[in-house]
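Observations on chain architecture
Spelled out from the first residue to the last, the chains are:
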Amino acid sequence: MSTTSSQTQTLDTMSRLTPKFAELTEQVLFGDLWKRNELSARDRSLITVAALIALNRVEQLPFHLSLAVKNGVSQAELSEVITHLAFYAGWPAAASALSRFAALNDQ
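So, here's what we can say about the structure. As the structure is a computational prediction, the values presented were derived from the model and not from experiment.

**Here we look at unusual backbone geometry**
The backbone of Asn 56 sits at a positive phi, close to 55°, despite the residue not being glycine. Along the polypeptide, Asn 56 turns up in the loop between α3 (41–54) and α4 (61–70).

**Considering the packing of aromatic side chains**
Inspection of every chain in the model, using the stated rule, returns 3 aromatic pairs. Relative to Phe 63, the ring of Phe 30 has its centre 5.8 Å away and its plane inclined at 75°; by these criteria the two rings are edge-to-face. In this pair, Phe 30 is assigned in the loop between α2 (19–29) and α3 and Phe 63 in helix α4, connecting sequence segments 33 residues apart. A connected cluster of aromatic rings, assembled from ring pairs, spans Phe 30, Trp 34 and Phe 63.

**With respect to the nonpolar core**
Formed by 17 residues in total, the largest nonpolar core has its most connected members in Val 49, Ile 53, Leu 61, Leu 65, Leu 78 and Ile 82. Contributions of two or more residues to this core are made by α3, α4, α5 (75–88) and α6 (91–106). Ranked by residue count, the leading element in this core is α5, at 5 residues. Setting aside residues no more than four positions away along its own chain, Leu 61 makes contact with Val 49, Leu 52, Ile 53, Ala 97 and Arg 100.

Analysis parameters
- Residues numbered from 1 in each chain as written.
- Predicted model: local features only at pLDDT ≥ 70, side-chain atom pairs only at ≥ 80, totals over all residues.
- Heavy atoms only, no water.
- Helix = DSSP H or I, 4+ residues; strand = E, 2+ residues; numbered from the N terminus.
- Phe/Tyr/Trp six-rings, centres within 6.5 Å; stacked < 30°, edge-to-face > 60°.
- Core = buried A, V, L, I, M, F, W, Y, C linked by side-chain atoms within 4.5 Å.
- Buried < 20%, exposed > 50% of the residue type's maximum accessible area, 1.4 Å probe, protein only.
- Contact = heavy atoms within 4.5 Å.

Here is the structure:
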């Protein structure tokens, strides 16, 4: 998986400050869980983005929005996820996600 310079910096910081957490992230989360055959990477991205929006975990959204696009999720589909979740997860959560989505599109 390719990373941006800010993602590389985050991984470097994680490795330096919490080496076990970094190891588990790389080996278990992205090395095992994301590679399971029962769901496609595209489906996992949609689920992850939806969960992050619903839980208002906007700090993690930029990485996962970019990953979703790399995994084949269209901008229109991401827009629809945000709109749909406004009614299920709450307007503020969707509005916060929208600001992260807009920043991704401004790059």
